[in-house]
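Each chain is listed here by its residues.
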Amino acid sequence: MLEVKNLHATVDGKQILNGLDLVVDKGEVHAIMGPNGSGKSTLAYVMAGKPGYEVTQGQILLDGEDILAMHSDERAAKGLFLAFQYPLEIPGVATMTFLRTALNAQRKKRGEAELSTPEFLKLVRDAAGKLEIDMEMLRRGVNVGFSGGEKKRNEILQMALLQPRLCVLDETDSGLDIDALKIVSDGVNRLRSPDRSMLVITHYQRLLDHIVPDVVHVLSAGRIVKTGGKELALELEASGYAQFQGEAAHAS
Amino acid sequence: MNAEIRNIKTNAELALAEAYSAGKTRLPGGRNVVALREEAAARFDALGLPHRRVEEWKYTDLRALMREARPIAGAPDAAGIARAKDAGKRIGDMDARRIVFVDGTFVAELSDLADLSPGLTIRSMAQALAACDPLVEAHLGKVVPPEREGVVALNTALMRDGAVVHVAKGATVERPIHLVFATTGQTPASVFTRSLVVIEAGARVMLVESHDASAGHQVNTALELVVGDKAHVDHIKITGGPSDLVHVSSLMASVGAHARFNDFAFNIGGGVVRNQTFVRFDGEGTLAGLRGASLLNGKQHVDSTLVVDHQAPGCQSREVFATVLDGESRGVFQGKIVVRPHAQQTDARMMTRALLLSDEAEADSKPELEIFADDVQCGHGATSGALDEDLKFYLMARGIPETDAEALLVQAFVGEAIEGIEHAGLRDALMEQVVAWLWARGG
Ligand SMILES: Nc1ncnc2c1ncn2[C@@H]1O[C@H](COP(=O)(O)OP(=O)(O)OP(=O)(O)O)[C@@H](O)[C@H]1O
Ligand SMILES: [Mg+2]
């Protein structure tokens, strides 16, 4: 499904990713952990094609296809979804309009028919209900006046509607209270399927108790320095990242 | 030195003065109106067309932008009238009473004067001038006479037709009045329209002006508006036209006590457009919203100039202007709020935003506060910038193509100002205009 090969990337001329390799197979959930500033969000942004994030070397293949030459919207239509660490507020664009425009744009690009209003409303109502999002909120501007936790839930709502094949979740757990964490994790787990892969970026074991990963990676100084099973997350919780920071410094 | 410069008249100024002296005997009006015209013509002779050394016009050098004056438009022929049938379509399917002017002349056959609701009177300015109408005699040129305004003087000298609307005390006019000004003549011409609208105390009306034009015309239009005490008036002006159109518009409004006045200017065309608005608060406790949205591309130059004069205490004014600029266009916003010494408890807020879609576009903003009272709340803000790249990325990351993402953001930007229009149908119709504009841009 996803192959990241020897990825080097710079942001504003600053080298952040230094030869990152990662393979996520179909149906798998991988967690990425790592210290602040190690490049986790950078990896997510590079995958989604954020302007200013320049790949200087390497490849990102989605189902064998190099996505680096594609625009962000094309990547999304190919099935890539990034749940933002900091979802943005878009005053004046109603959430409903945003969701519908996004969904129909993706469908159009894939040669599928646009959804009728009743079809769309039913989809949103179902998905929002499961995430305990009030429909009234969706009439407001995108994320405008949403609390931190509501913004994160709204990201998962978008993911549920867009049905991506590869989900990248950047610290979706941060800012969530215990109940919201459960709602969001359940939302993510409902999307787990043999055809869908996930890359879950987090600092905390807590999230991985809910969304149990198949593989855990440690990212440090722009590369994967250790890969293991779900028990690796527990180990990190106990020992921290100090050992890997040394390793990364050594490796680069 | 100044006198010397002033004496050198441009071709346009000479032609306009000549048009007045040659045509004045054929212009409508009795003795008082003749005197008004003479005085205005003398003022225009002294002031000339405004130019960049006139502070209020420093961004819009009309003298330079209008080198030649077009000949005065004649009465429209059948073909011209036929071409005007579709004018004023930007209001969408809003039901309104159409009053149509073609090439500056009232056209009865395109206008709907039947079944006027009680208290509503509408007639053409030409008729009113010829008949020495007392309403016109009482108000014309007196509502908020701007000082040293060459274009208003020119309008007064050469005004030929327009609308005279009167709404009697306490009357509610349910159906909006739509004044459609279509300049469709095939040879470029000058058009001078002048309207007077008097809304008596406690009355309610919505007035929409649509200005459409074909190639190369020069339009100078003015509206004097009297809003009585406790009246509620919505005024929306929609201006479109080709890139070689010169459109100069002056709105002069006096607003009484405890009234509501909601003004909106929507600009979506024209080569050189100047919308100047002079609003004076004459009575206390009034709420006024003065808003506008402009969409500019190519080499368009659109200037919105506002003078809001708080002469009475306890009034609230809100100014919100949004301008979207593409191509090599230039947008100008000048907003001046004056608060007189006794206009205590004035609450005036002015916000102007420019969204630059191209590196070649330019937006200038000049807000001014002149406050002579001490117990007031006044503020202004101005922003100018490109589309937010992060927001665009967020939309694109959800699968929305770049042009659509930009269109959504532009609609949101303009929408904030358009929200100020009370009529939902008209709001939707104008948003459709915005969408169409974005499509034409390559959406
Ligand atoms: N625009 C930028 N210009 C320069 N450096 C940047 C820019 N954006 C990010 N960086 C740097 O890139 C590095 C990696 O940042 P990134 O956001 O990817 O870290 P992260 O692993 O997601 O951290 P966190 O756990 O705090 O979210 C940091 O050192 C950061 O300061
Ligand atoms: Mg991060």
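Conventions and cut-offs
Residues numbered from 1 in each chain as written. Chains lettered and ligands numbered in written order. Predicted model: local features only at pLDDT ≥ 70, side-chain atom pairs only at ≥ 80, totals over all residues. Heavy atoms only, no water. Domains from an automatic or database assignment. Salt bridge = Lys/Arg side-chain N within 4 Å of Asp/Glu carboxyl O. Polar contact = N/O pair within 3.5 Å; in protein donor to acceptor, adjacent residues only side chain to side chain. Pairing = 2+ DSSP bridges. Helix = DSSP H or I, 4+ residues; strand = E, 2+ residues; numbered from the N terminus. Axes fitted to C-alpha atoms, helices over the stretch in contact; angles between N-to-C directions. Near = heavy atom within 4 Å. Areas by Shrake-Rupley, 256 points an atom, 1.4 Å probe, with all protein chains shown as cover. Nonpolar A, V, L, I, M, F, W, Y, C, P; charged D, E, K, R; others polar. Donors = N, O, S within 2.8 Å, 3.2 Å for Na, K, Ca; no water. Buried < 20%, exposed > 50% of the residue type's maximum accessible area, 1.4 Å probe, protein only. Contact = heavy atoms within 4.5 Å. Buried area = accessible area lost by both parts, 1.4 Å probe. Expected span 1.5 Å × (residues − 1). Core = buried A, V, L, I, M, F, W, Y, C linked by side-chain atoms within 4.5 Å. Parallel < 35°, antiparallel > 145°, perpendicular 65-115°, else oblique. Left-handed = near helix turned anticlockwise from the far one by under 90°.

1. Points about the domain arrangement of chain B
All names here are of chain B.
Turning to step 1, where the next piece is worked out: Taken domain by domain, chain B holds domain 1 (11-283) and domain 2 (389-443).
Turning to step 2, where the next piece is worked out: Using C-alpha coordinates to define each centre, domain 1 is positioned 31 Å away from domain 2.
Turning to step 3, where the next piece is worked out: Summed over the shared surface of domain 1 and domain 2, the number is 2 salt bridges.
Turning to step 4, where the next piece is worked out: Glu422 is paired through a salt bridge with Arg260; the nearest N and O atoms lie 2.9 Å apart.
Turning to step 5, where the next piece is worked out: For the pair domain 1 and domain 2, the number of links is 4 residue pairs in polar contact (both at pLDDT 80 or more).

2. Some remarks on the sheet that holds strand β3 (residues 29-33) of chain A
To summarise the sheet geometry, strands pair through backbone hydrogen bonds and adopt either a parallel or an antiparallel arrangement.
All names here are of chain A.
Turning to step 1, where the next piece is worked out: Ordered by their spatial adjacency, 6 strands build an open sheet running β6-β9-β10-β3-β11-β12, and the pairing between neighbours is mixed. The outermost strands of the open sheet, each flanked by one partner alone, are β6 (80-83) and β12 (223-228). Strand-to-strand, the axes of this sheet are offset by a mean angle of 20°, without reference to chain direction.
Turning to step 2, where the next piece is worked out: Where β6 lies against strand β9 (residues 166-170), 4 bridges are found, and the strand directions are parallel. Paired with Leu82 across the strands is Val168, a residue of β9.

3. Here's the deal with the site of ligand 1
Residues and elements named next belong to chain A.
Turning to step 1, where the next piece is worked out: With respect to spatial proximity, 15 residues lie near ligand 1, and among them Gly37, Lys40, Ser41, Thr42 and His203 are the closest.
Turning to step 2, where the next piece is worked out: The side chain of Lys14 places a nitrogen or oxygen atom 3.4 Å from an oxygen atom of ligand 1.
Turning to step 3, where the next piece is worked out: Isolated, ligand 1 exposes 640 Å² of accessible area, and the fraction of that covered by the protein chains is 67%.
Turning to step 4, where the next piece is worked out: Counting only elements with at least two residues in the shell around ligand 1, the list comes to β2 (14-24) and α1 (40-48).
Turning to step 5, where the next piece is worked out: Take the shell around ligand 1: its biggest share by element is 3 residues, from α1.
Turning to step 6, where the next piece is worked out: Considering only residue class, the shell around ligand 1 consists of 3 nonpolar, 8 polar and 4 charged.

4. Quick look at the coordination of the magnesium ion (ligand 2)
Each angle at a metal carrying four tetrahedral donors should ideally be 109.5 degrees, and each at a metal carrying six octahedral donors should ideally be 90 or 180 degrees.
All names here are of chain A.
Turning to step 1, where the next piece is worked out: The protein atoms that coordinate the magnesium ion (ligand 2) are Ser41 (OG) and Gln85 (OE1), at distances of 2.0 to 2.2 Å. Here Gln85 lies in the loop between β6 and β7 (90-94) and Ser41 lies in helix α1, a separation of 44 residues in the sequence. Comparing Ser41 with Gln85, the two get one shared label, buried.

5. Focus: unusual backbone geometry
Residues and elements named next belong to chain A.
Turning to step 1, where the next piece is worked out: Of note, Asn6 is a non-glycine position whose phi angle comes to about 45°, a positive value.
Turning to step 2, where the next piece is worked out: Among the structural elements, Asn6 can be located in strand β1 (residues 2-11).
Turning to step 3, where the next piece is worked out: Phi is positive for Ala221, which is not a glycine, with a value near 45°.
Turning to step 4, where the next piece is worked out: Here Ala221 lies in the loop between β11 (215-220) and β12.

6. Quick look at the interface of chain A and chain B
One frequently used descriptor of interface size is the decrease in accessible area upon assembly of the parts.
Turning to step 1, where the next piece is worked out: Tallying the contact residues gives 33 residues for chain A and 16 residues for chain B.
Turning to step 2, where the next piece is worked out: Between chain A and chain B, roughly 1900 Å² of surface is buried when both sides are summed, and carbon and sulfur atoms account for 73% of that area.
Turning to step 3, where the next piece is worked out: Contact with chain B buries surface across chain A, with Asp73, Leu88 and Ile90 of chain A losing the most and accounting together for 25% of the total.
Turning to step 4, where the next piece is worked out: Across the contact surface, chain A and chain B share 2 salt bridges.

7. Regarding the pairing of strand β9 (residues 232-239) of chain B
Residue and element names in this part refer to chain B.
Turning to step 1, where the next piece is worked out: Among the 8 residues in β9, 8 count as buried, and that is most of the element.
Turning to step 2, where the next piece is worked out: Pairing between strand β7 (residues 204-213) and β9: 8 bridges, direction parallel. If you follow Val208 over to β9, its bridge partner there is Ile236.
Turning to step 3, where the next piece is worked out: In this structure, β9 lies alongside strand β11 (residues 260-267), joined through 8 bridges in parallel fashion. The partner of Asp234 across the bridge, within β11, is Asn262.

8. Some details on helix α4 (residues 117-130) of chain A
In an α-helix, one turn spans 3.6 residues, which is why side chains three or four residues apart end up on the same side.
All names here are of chain A.
Turning to step 1, where the next piece is worked out: Its 14 residues place the ends of α4 20 Å apart at the C-alpha level, agreeing with the 20 Å of an ideal helix rising 1.5 Å per residue.
Turning to step 2, where the next piece is worked out: Where the residues of α4 are buried, they touch α3 (95-109) and α5 (148-162).
Turning to step 3, where the next piece is worked out: Downstream of α4 by one or two residues, Glu132 has phi in the positive range, about 55°.

9. Details of the nonpolar core
Turning to step 1, where the next piece is worked out: In this structure, Leu2 of chain A together with Phe266, Ile418 and Leu426 of chain B are the most contacted members of the largest nonpolar core, which totals 122 residues.
Turning to step 2, where the next piece is worked out: Broken down by element, the residue count for this core peaks at 10 residues, all from helix α10 (residues 402-418) of chain B.
Turning to step 3, where the next piece is worked out: When we break this core down by domain, the ones giving at least three residues each are domain 1 (11-283) and domain 2 (389-443) of chain B.
Turning to step 4, where the next piece is worked out: Not counting the four nearest positions on each side in its chain, Leu426 of chain B is found in contact with Ile91, Met94, Met206, Val208, Ile236, Ile238 and Ile421 of chain B.
Turning to step 5, where the next piece is worked out: Counting 43 residues, the second-largest nonpolar core is a separate cluster that includes Phe101, Ile122, Ala163 and Ala343 of chain B.

10. Topic: the pattern of salt bridges
Think of it this way: side chains of opposite charge can pair up when their charged atoms draw near.
Residue and element names in this part refer to chain B.
Turning to step 1, where the next piece is worked out: With the rule as written, the count across this model stands at 47 salt bridges over all chains.
Turning to step 2, where the next piece is worked out: The shortest N-O distance in the salt bridge between Lys24 and Glu38 comes to 2.9 Å. In this pair, Lys24 sits in the loop between α2 (11-23) and α3 (31-47) while Glu38 sits in helix α3, placing the two residues 14 residues apart along the sequence.
Turning to step 3, where the next piece is worked out: We classify Lys24 as partly exposed; its relative accessible area is 33%.
Turning to step 4, where the next piece is worked out: Among the salt bridges present, the one from Arg52 reaches Asp61, with a minimum N-O distance of 3.4 Å.
Turning to step 5, where the next piece is worked out: Residue Asp61 is classed as buried on the basis of its relative accessible area, which comes to 16%.

11. Considerations on the side chain of Thr305 of chain B
All names here are of chain B.
Turning to step 1, where the next piece is worked out: Within the secondary structure layout, Thr305 lies in strand β14 (residues 301-310).
Turning to step 2, where the next piece is worked out: Here Thr305 falls in the buried class, since its relative accessible area comes to 7%.
Turning to step 3, where the next piece is worked out: Looking at Thr305, its side chain comes within polar contact range of the side chain of Arg274, at 3.2 Å.
Turning to step 4, where the next piece is worked out: A polar atom in the side chain of Thr305 sits 2.9 Å from the side chain of Gln334.
Turning to step 5, where the next piece is worked out: Apart from residues no more than four positions distant in its own chain, Thr305 is found in contact with Glu56, Arg274, Asn275, Gln276, Thr277 and Gln334.

12. Some points on the packing of α4 of chain A against α5 of chain A
Two quantities define a packed helix pair, namely the angle between the axes and the distance from one axis to the other.
Residue and element names in this part refer to chain A.
Turning to step 1, where the next piece is worked out: Where α4 meets α5, the closest approach of the two axes is 10 Å, and the angle between their N-to-C directions is 135°. With respect to α5, the element α4 is oriented oblique. Judged by the twist between their axes, the crossing of α4 over α5 is right-handed. Contacts between α4 and α5 involve Leu123, Val124, Ala127 and Ala128 from the former and Leu157, Ala160 and Leu161 from the latter.
Turning to step 2, where the next piece is worked out: A per-class count over the contact of α4 with α5 returns 7 nonpolar, no polar and no charged.

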